[in-house]
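Fold and geometry: a report
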6 protein chains.
Amino acid sequence: MKEFAASLETATPREGVDLAARLAWEMVRKVQPSKSIRDRLVVIYEDDAETILMACQIIATNFQAIAAANNYWRD
Amino acid sequence: MKEFAASLETATPREGVDLAARLAWEMVRKVQPSKSIRDRLVVIYEDDAETILMACQIIATNFQAIAAANNYWRD
Amino acid sequence: MKEFAASLETATPREGVDLAARLAWEMVRKVQPSKSIRDRLVVIYEDDAETILMACQIIATNFQAIAAANNYWRD
Amino acid sequence: MKEFAASLETATPREGVDLAARLAWEMVRKVQPSKSIRDRLVVIYEDDAETILMACQIIATNFQAIAAANNYWRD
Amino acid sequence: MKEFAASLETATPREGVDLAARLAWEMVRKVQPSKSIRDRLVVIYEDDAETILMACQIIATNFQAIAAANNYWRD
Amino acid sequence: MKEFAASLETATPREGVDLAARLAWEMVRKVQPSKSIRDRLVVIYEDDAETILMACQIIATNFQAIAAANNYWRD
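Read on for an overview of the structure. (Residues numbered from 1 in each chain as written. Chains lettered and ligands numbered in written order. Predicted model: local features only at pLDDT ≥ 70, side-chain atom pairs only at ≥ 80, totals over all residues. Heavy atoms only, no water.)

Okay, the overall build of chain A next. Within chain A, the secondary structure is distributed over three helices and zero strands. Tracing chain A from N to C terminus, the helices and strands come up as α-α-α. In terms of its C-alpha atoms, chain A occupies a principal-axis envelope of roughly 40 × 25 × 15 Å. Of all intrachain contacts in chain A linking residues separated by at least 6 positions in sequence, the fraction that spans at least 24 positions is 58%. Carbon together with sulfur atoms contributes 53% to the accessible area of chain A, which is approximately 3300 Å² in total. (Helix = DSSP H or I, 4+ residues; strand = E, 2+ residues; numbered from the N terminus. Contact = heavy atoms within 4.5 Å. Areas by Shrake-Rupley, 256 points an atom, 1.4 Å probe, with all protein chains shown as cover.)

So this is what it looks like as structure tokens:
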């Protein structure tokens, strides 16, 4: 996972979603440091709607912070 | 999925809900890039209240950011 | 569903709860456009505490945005 | 349910929790208007930790809005 | 439960976590006033990860309000 | 758990994620003070996607407060 930016700045909302997803993945790594376990879980849960939506809720929570950080891309 | 706006600006709260839903769908695509899996899940879960409500919670979280971005459509 | 207001303005917190609930229902319609499926789910889940509370969490999330939009009815 | 205040103002954080709980109950009434169903659910779920905590999450979400409305009782 | 402070002020983030946990417990008491039921639930769920994490999510939601109340302890 | 900082200040978003995770762990300790139970749960749930994602949602909620505390690292 390339070192993510030293700031939450992004050019557009789409990049904001990308960064929110990367942050979420960083958080997963914090909770479960083992790459092999993480990789196994990605396969097991790839078609589990509830788990996919729980991951999206984390991304949406991160996106709120990133949107505020970028003054909602109003500038 | 048409490239969504380069900003979170919308004319009305209703358009804000539309954009929040599109953002949520972008987040689902980030988590599960496979269109065939996503399409299969939409059918399986179409009448699953819990999954529908989890999706709405993501939309509501996105709507908060979009409402703030539009100064709550007060202008 | 009557076209909800072009703004998030309400006269009181109670009306704010009403609008938050309407917004939540708009979000359900976005996720599940089929009226027959929605109507069926309302009956099936009418006495399911978890689903009722998940719906309330969406309303509470919307209420936060509406309260901020109305400057918390302090004016 | 006595008409709750026309504003979100409370004298202390404790009253803020009380109002947040009343707002949450208003939201339950919006989702399930039937008193008999609500009363039945309260009995069934009275010792269900998950449901109790889901209700508290709604109260905590409401409390955030009420705390902001009262400028966090800093005045 | 000693009467918690008439304000959300704390000296440090750690005290903020403590107050957020106390507020969460106040909310549990609002939802389930019976001490005997609460005590029974604490024992039953003491090693249930999901319930522990749901309680932590409430604390984290409260902590957001407390952090804002204390201007994020920046002064 | 080293006494975490007397403030929520961090140099970068990555450190913000680290602190958000530490705060989340502090909250787990508040809810379940017993180290032996916590250690047992970490092993049992190490490959449970839902529990991992619930923990990440707490971290994301904490990260929002930490990002605001650091003015979104814009300075």
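From this point, things continue past the structure.
Residue and element names in this part refer to chain C. The backbone of Tyr72 sits at a positive phi, close to 60 degrees, despite the residue not being glycine. On the secondary structure map, Tyr72 appears in the segment after helix H3 (49-69). Overall, Tyr72 belongs to the buried group, its relative accessible area being 16%. (Buried < 20%, exposed > 50% of the residue type's maximum accessible area, 1.4 Å probe, protein only.)

Between chain F and chain A, which share one sequence, the superposing operator has a rotation angle of 60 degrees and an axial displacement of 0.0 Å; the RMSD is 0.0 Å. On this basis, the relationship between the two copies can be described by a six-fold rotation axis. Among all C-alpha atoms of chain F, that of Thr61(F) lies closest to the rotation axis, at 6.9 Å. (Least-squares fit on C-alpha atoms with pLDDT ≥ 70 in both.)

Tallying the contact residues gives 26 residues for chain F and 30 residues for chain A. For the pair chain F and chain A, the summed buried surface comes to about 2500 Å²; carbon and sulfur atoms form 69% of the total. Broken down residue by residue, the surface that chain F buries against chain A is led by Arg14(F), Leu53(F) and Tyr72(F), which jointly contribute 23%. On the surface where chain F and chain A come into contact, there are three salt bridges. Two residues, Glu26(A) and Arg14(F), come together in a salt bridge whose shortest N-O distance is 3.0 Å. Seen at the junction of chain F and chain A, the total is nine residue pairs in polar contact (both at pLDDT 80 or more). At the level of secondary structure, the elements contributing two or more residues to the side of chain F that touches chain A comprise helix H1 (13-31) and helix H3 (49-69) of chain F. A total of 14 residues in the side of chain F that touches chain A trace back to one element, the largest contributor, which is H3(F). Across the side of chain F that touches chain A, the residue classes tally to 15 nonpolar, four polar and seven charged. (Buried area = accessible area lost by both parts, 1.4 Å probe. Salt bridge = Lys/Arg side-chain N within 4 Å of Asp/Glu carboxyl O. Polar contact = N/O pair within 3.5 Å; in protein donor to acceptor, adjacent residues only side chain to side chain. Nonpolar A, V, L, I, M, F, W, Y, C, P; charged D, E, K, R; others polar.)

Now for helix H1 (residues 13-31) of chain A. Spanning 19 residues, H1(A) covers 27 Å between terminal C-alpha atoms, matching the ideal 27 Å at 1.5 Å per step. Turning to H1(A), its buried residues are Pro13(A), Gly16(A), Val17(A), Leu19(A), Ala20(A), Ala21(A), Leu23(A), Ala24(A), Glu26(A), Met27(A) and Val28(A). (Expected span 1.5 Å × (residues − 1).)

In terms of nonpolar packing, the biggest core is built from 162 residues, with Leu8(A), Leu8(B), Leu8(C), Leu8(D), Leu8(E) and Leu8(F) touching the most fellow members. Ignoring anything within four residues of it in the chain, the contact list for Leu8(A) reads Leu19(A), Leu23(A), Ile66(A), Ala69(A), Asn70(A), Pro13(F), Phe63(F), Ala67(F), Tyr72(F) and Trp73(F). (Core = buried A, V, L, I, M, F, W, Y, C linked by side-chain atoms within 4.5 Å.)

Below, the discussion takes up the packing of aromatic side chains. All names here are of chain A. Summed over the entire model, instances satisfying the criterion amount to six aromatic pairs over all chains. Arranged with centres 5.6 Å apart and planes meeting at 25 degrees, the rings of Phe63 and Trp73 form a pair that is stacked. Highlighted residues: Phe63 in helix H3 (residues 49-69) and Trp73 in the segment after H3, separated in sequence by 10 residues. Judged by its relative accessible area of 0%, Phe63 falls in the buried class. (Phe/Tyr/Trp six-rings, centres within 6.5 Å; stacked < 30°, edge-to-face > 60°.)

We now examine the packing of H3(A) against helix H1 (residues 13-31) of chain B. Direction vectors running N to C along H3(A) and H1(B) enclose 120 degrees, while the axes themselves pass 9 Å from each other. As the angle between them shows, H3(A) and H1(B) are arranged oblique. Crossing of H3(A) against H1(B): the hand is right-handed. Facing Ile52(A), Leu53(A), Ala55(A), Cys56(A), Ile59(A), Ala60(A) and Phe63(A) of H3(A), the residues of H1(B) in contact are Leu23(B), Met27(B), Val28(B) and Val31(B). Of the residues in the contact of H3(A) with H1(B), the class split is 11 nonpolar, no polar and no charged. (Axes fitted to C-alpha atoms, helices over the stretch in contact; angles between N-to-C directions. Parallel < 35°, antiparallel > 145°, perpendicular 65-115°, else oblique. Left-handed = near helix turned anticlockwise from the far one by under 90°.)

This next bit is on the environment of Asp48(E). For Asp48(E), the position within the fold is in the loop between helix H2 (35-44) and helix H3 (49-69). Reaching out from Asp48(E), the side chain makes a polar contact with the backbone nitrogen of Glu50(E) at a distance of 3.0 Å.

Here the focus is helix H2 (residues 35-44) of chain B. The set of residues buried in H2(B) consists of Ile37(B), Arg38(B) and Leu41(B). Buried positions in H2(B), seen along its axis, are confined to an arc of 100 degrees and lie on one side of it. In this structure, H2(B) carries Lys35(B), Ser36(B) and Val43(B) as exposed residues pointing more than 90 degrees from its buried face. On its buried side, H2(B) packs onto H3 of chain A together with H1 of chain B. (Arc of directions from axis to C-beta.)

The next point concerns the pattern of salt bridges. Under the counting rule described, the total for this entry stands at 30 salt bridges over all chains. Asp39(D) serves as the salt-bridge partner of Lys35(D), at 2.6 Å between the closest nitrogen and oxygen. In this pair, Lys35(D) and Asp39(D) are both assigned in helix H2 (residues 35-44), four residues apart and thus about one turn of the helix distant. Taking the relative accessible area as the measure of exposure, Asp39(D) reaches 36% and is therefore partly exposed. One salt-bridge network, held together by shared partners, links Arg14(A), Glu26(B) and Arg29(B).

This next bit is on the side chain of Thr51(B). Turning to its location among the elements, Thr51(B) is positioned in helix H3 (residues 49-69). Owing to a relative accessible area of 7%, Thr51(B) belongs among the buried residues under this scheme. Ignoring any residue separated from it by four or fewer positions in sequence, one finds Thr51(B) in contact with Ala49(A), Leu53(A) and Tyr45(B).

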